[in-house]
Amino acid sequence: QWRSGRTNFDAGVSRLRWIAEMHRRGVIRALIIYVLAAWIVVEISASLLPSNGTGAQQLRMIILVALVGCPVMAILVWRRRRGTGSGRGANQAGERSLLSIVSVIALLAVLAWTVIAHSPRADREYSGIAILPFSDLSATEDHQYLADGIAEEIRNRLVAVPGLDVAARSSAFAFRQRSKNVREIGELLRVDLVLDGSLRKAGDTVRISLQLVDARTGFEVWTGSFDAGLDDIFALQDEIAGQIVAVVAPDNKEMASVAAMPSSFDAYDLYLLGRHNWQKRDIASLERALGYFDQSISRDPGFAPSHTGRADSLLLLARAGERPPQQAVVEAHEAIQTALQLDPLLGNAHASLGLLRLFQGNFVAAELALREALRIAPENSTAHMWLGLTQLRRPGGGPNLALDALQAAQRFDPMDPTITLNLAGVLARLGHGEEAISELRQLPALGVESHGAEVLLATLCLEWGRLDEAIAVLSDSDALTRGPDGRALYARTLAAFGQGDLAATWLRSVDLQETAAATPPRLDAAYMTGADELLREALYRENPPHAAEWWNGLLSWRGGDISAALASFDLAAAAIPDGDPQLAITVAGARAAALRALGDADSAIGILVEARQLGADSLAAGWNTPQLNFALAVIEAGLGDEAGATAYLEQAVAAGWRDIEWARGVPGTAQVVHLVGYAALEETVLDDLQRQWKSVANRAEAATEGLSR
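Every value quoted in this text rests on a predicted model; they were computed, and no experiment measured them.

Parameters at a glance
Residues numbered from 1 in each chain as written. Predicted model: local features only at pLDDT ≥ 70, side-chain atom pairs only at ≥ 80, totals over all residues. Heavy atoms only, no water. Phe/Tyr/Trp six-rings, centres within 6.5 Å; stacked < 30°, edge-to-face > 60°. Helix = DSSP H or I, 4+ residues; strand = E, 2+ residues; numbered from the N terminus. Buried < 20%, exposed > 50% of the residue type's maximum accessible area, 1.4 Å probe, protein only. Lys NZ or Arg CZ within 6 Å of the ring centre and 35° of its normal. Patch = residues over 30% accessible without salt bridge, like charges linked within 9 Å, V, L, I, M, F, W, Y side chains within 5 Å. Areas by Shrake-Rupley, 256 points an atom, 1.4 Å probe, with all protein chains shown as cover. Salt bridge = Lys/Arg side-chain N within 4 Å of Asp/Glu carboxyl O. Lys, Arg positive; Asp, Glu negative; His and termini not counted. Charge placed at Lys NZ, Arg CZ, Asp CG, Glu CD. Pairing = 2+ DSSP bridges. 1 Å grid on protein atoms, 1.4 Å probe; cavity = no way out; pocket = protein on both sides within 12 Å on 5 of 7 lines; lining within 4 Å. Points joined across faces, edges and corners; volume = space filled by probe spheres on them. Nonpolar A, V, L, I, M, F, W, Y, C, P; charged D, E, K, R; others polar. Core = buried A, V, L, I, M, F, W, Y, C linked by side-chain atoms within 4.5 Å. Expected span 1.5 Å × (residues − 1). Contact = heavy atoms within 4.5 Å. pLDDT = per-residue confidence, 0-100. Axes fitted to C-alpha atoms, helices over the stretch in contact; angles between N-to-C directions. Parallel < 35°, antiparallel > 145°, perpendicular 65-115°, else oblique. Left-handed = near helix turned anticlockwise from the far one by under 90°.

Draft legend 1. How the structure looks around the packing of aromatic side chains. Applying the stated rule across the entire model yields nine aromatic pairs. Relative to F293, the ring of Y271 has its centre 6.0 Å away and its plane inclined at 45°; by these criteria the two rings are tilted. With a gap of 22 residues between them, Y271 in helix 9 (residues 265-278) and F293 in helix 10 (residues 283-299) connect regions that are remote in the sequence. On the accessibility criterion, Y271 (10% relative accessible area) is buried. Through a chain of ring-to-ring contacts, the aromatic side chains of Y271, F293 and F303 assemble into a single cluster. Its guanidinium or amino end placed over the ring of W278, R275 lies 5.0 Å from that ring's centre, counting from NZ or CZ. The side chain of R558 reaches across the aromatic face of Y527, ending 3.9 Å from its centre.

Printed below as a string of structure tokens:
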């Protein structure tokens, strides 16, 4: 017992000596300081990290690091204070001990801050998220439409999360080629988070791999990999969206209500194929889209979005002249009513109804339907765009009202070429030609390709007197110079330069079978170059009534049949749609000239007075183009107001009006030619045209020679 007690006593003394040695070496003090510092770091981390599973996991990692750091720090201090005694050596040992403590605590703090800085935080405000198109990694590489559709459906489930802005589909999908890094994409779309991913389909199963990246830092904040059968796609989309919300906005449990999914994956698959083709907006793709929507409806008549897609396809095909308008309206109306009966809260169905009413010219009903669509889904950029077009054309509307709606559409979808195209058109109507051209030039710089935007860019350059730039735009685009629209516009620009022979060569290259309807540039160029037979042939194609009658009237005027010309001009005036005061005023000037030529001056004055009032109303609504100012100069000259006519003419020329060749063949311009200041303004225009032609003559002549070959 004595020996056992002695052993225990010696062990106790040994432990006391060990504790005393730890105290002498400063280890106990260092441990107290370390534990206190680690506790502070853990508490700060707990308050900053999100309260979801990801945040808890990151907090556990910080605590683990703190625990591991405790013995490491103790060993370092023990070894640093190995020496004994006092004096300089002891002081140096103490300094080394303090340095060890500070170093370990600093390392722990840096590690904790690194985890926190690159983690989603509950108090961090995100400007939004962009869902990029998922890559198709399937072996056959023919399921891109499915990858796109799943990405879009996940987006649709995130749009109503409070405080989370979601980039529009068109803008996010513009980065399909990933030509820009995540930070650049975030800056362009004005979002902080980017969801990227891939889809791999094998048989009846799909694997979706996702990465959620902080666009400001480039660090991943969440990753996920999901496997599912095709019949479980709908539940999988909900699961993915739910996990993203848990990471990005853990305090928000609400997601957007979405349309009911179809009863089978086949119907959904066909719907996605339809939307994939509809987004392209060209004739062939719209035809394919219509076919896919019809097949989807046959698989599941109760899936409302397929009926909406069918209506949209029919209306766009009718607008392009590929469907009889009345038949398209009837079929589209039936499809929209079916969609609304199936799902009264489907915003796209109300937007489609607005498009239908706009197509019919019922602007009041169109605006009501579109505002209902926006009440249901305020971020619907297409509905904003169609609302802008409605406000542009409705009585009492105009470009001032349309601008707000189109700018809202662009805010929601800044890289949609169709929205940018319409916005540029409104800006040009407002007299902001430079800004309109700039909007269109930005699209290629952002990597967005659009044939329609290229055509409009060349058209605006022509209308605003920058003919050399129009030639450059057309020459630089092989797609334009090879296509009928581009060749017709090339001919129109050459005709404006007074290069009739070159213009005729380009006109002859345009096969009427290539287009559903003769475009205005082609008709303009044919009339300006004296190609009356080409013009008559083109008028046999399906054209809006006002356009056909206007050109028939010009041909009759040039042929000397004034009565026939007046009859056609009257029919054109009656058929001009609302929202086109520029053409209405031009036709009014021609009608007045024809009446005067027939000896009815009183009726001519009455028409001119009405046109003057229309001009005043149009200017008040925001219209301010070079062509409108020239048309108003014709009206004022016809009324005998030389000062007013000269003022409008000067404004037109200063803004870029250079269409002397066109004006020479239009009735009513003779009144302007006789103005006192006309000769000087004409000389200014001709000098500028000559200067511009010198800069592009070689290029245009070479292109024409190549076209002939």
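Draft legend 2. Inspection of a negative patch on the surface at higher detail. Side chains of D204, D231, D232 and D266 sit close together on the surface and give a patch of like negative charge. Along the chain, D232 turns up in the loop between strand 5 (220-229) and helix 8 (233-248).

Draft legend 3. Geometry of the pairing of strand 3 (residues 193-202). The pairing of strand 1 (residues 129-131) with strand 3 spans three bridges and is classified as parallel. Across the sheet, I129 pairs through a bridge with L193, a residue of strand 3. Relative to strand 3, strand 2 (residues 135-136) is paired through two bridges, and the arrangement is parallel. Bridge pairing in strand 3 places S135 opposite S198. Pairing analysis gives ten bridges linking strand 3 to strand 4 (residues 205-214), with the strands arranged antiparallel. Looking at strand 4, one finds that D196 is bridged to Q211.

Draft legend 4. Inspection of empty space enclosed by the protein at higher detail. Scanning the model with the defined rule gives one cavity of 30 Å³ or more in all. Approximately 30 Å³ is the volume attributed to the largest cavity. Forming the walls of the largest cavity are L462, E463, L467, A496, Q627, W657, R658 and D659. Of the residues belonging to the lining of the largest cavity, the class tally is four nonpolar, one polar and three charged.

Draft legend 5. Just the nonpolar core, in detail. Residues F134, L195, L212 and I244 are the most contacted members of the largest nonpolar core, which totals 194 residues. If one sorts the elements of this core by residue count, helix 8 sits on top with nine residues.

Draft legend 6. View of helix 26 (residues 545-558). Over its 14 residues, helix 26 runs 20 Å from end to end, which matches the ideal 20 Å to within 8%, given 1.5 Å per residue. Next to the buried residues of helix 26 lie helix 24 (520-528), helix 25 (532-539), helix 27 (562-575) and helix 28 (581-597). Looking one or two residues past helix 26, G560 carries a phi angle of roughly 90°, positive in sign.

Draft legend 7. Geometry of unusual backbone geometry. In this structure, R190 is a non-glycine residue whose phi angle is positive, near 60°. Not every positive phi belongs to a glycine, and R281 is a case in point at roughly 70°. Mapped onto the secondary structure, R281 falls in the loop between helix 9 and helix 10.

Draft legend 8. How the structure looks around helix 19 (residues 451-463). For helix 19, spanning 13 residues, the distance from its first C-alpha to its last is 18 Å, which sits close to the expected 18 Å at 1.5 Å a residue. Within helix 19 the residues assigned to the buried category are A453, V455, L456, L457, A458, T459, L460, C461 and L462. Remark: G465 follows helix 19 within two positions and exhibits a positive phi of approximately 80°.

Draft legend 9. Spatial organisation of a nonpolar patch on the surface. On the surface, L36, W39, I40 and I44 cluster together into a nonpolar patch covering about 420 Å² of accessible area. For L36, the location among the structural elements is in helix 2 (residues 27-48).

Draft legend 10. Summary view of the environment of L389. In this fold, L389 is placed in helix 15 (residues 381-393). Separated by 26 residues in the primary sequence, L389 and F363 place their C-alpha atoms 9.7 Å from one another. Once residues within four sequence positions are removed from consideration, L389 is found in contact with L358 and N422.

Draft legend 11. Summary view of the environment of E187. Tracing the sequence through the fold places E187 in helix 7 (residues 182-189). It is 8.1 Å that separates the C-alpha atoms of E187 and A215, two residues lying 28 residues apart in sequence.

Draft legend 12. Representation of the confidence of the model for the chain in the model. In this model, the chain carries an average pLDDT of 83, and 82% of its residues clear a pLDDT of 70 or more. Scored below 50 in pLDDT, residues 120-124 shows 15 contacts in the model against residues more than four places distant or in partner chains.

Draft legend 13. Broad picture of the side chain of D524. Along the chain, D524 turns up in helix 24. On the accessibility criterion, D524 (15% relative accessible area) is buried.

Draft legend 14. Focus on the packing of helix 26 against helix 27. Between helix 26 and helix 27, the shortest axis-to-axis distance is 8 Å and the interhelical angle comes to 160°. Looking at the two axes, helix 26 sits roughly antiparallel to helix 27. The way helix 26 lies across helix 27 gives a crossing that is left-handed. From helix 26, P545, H546, E549, W550, N552, G553, L554, S556 and W557 reach across to helix 27, where they touch I562, A564, A565, S568, F569, L571, A572 and A575. Grouping the constituent residues of the contact of helix 26 with helix 27 by class yields eleven nonpolar, five polar and one charged.

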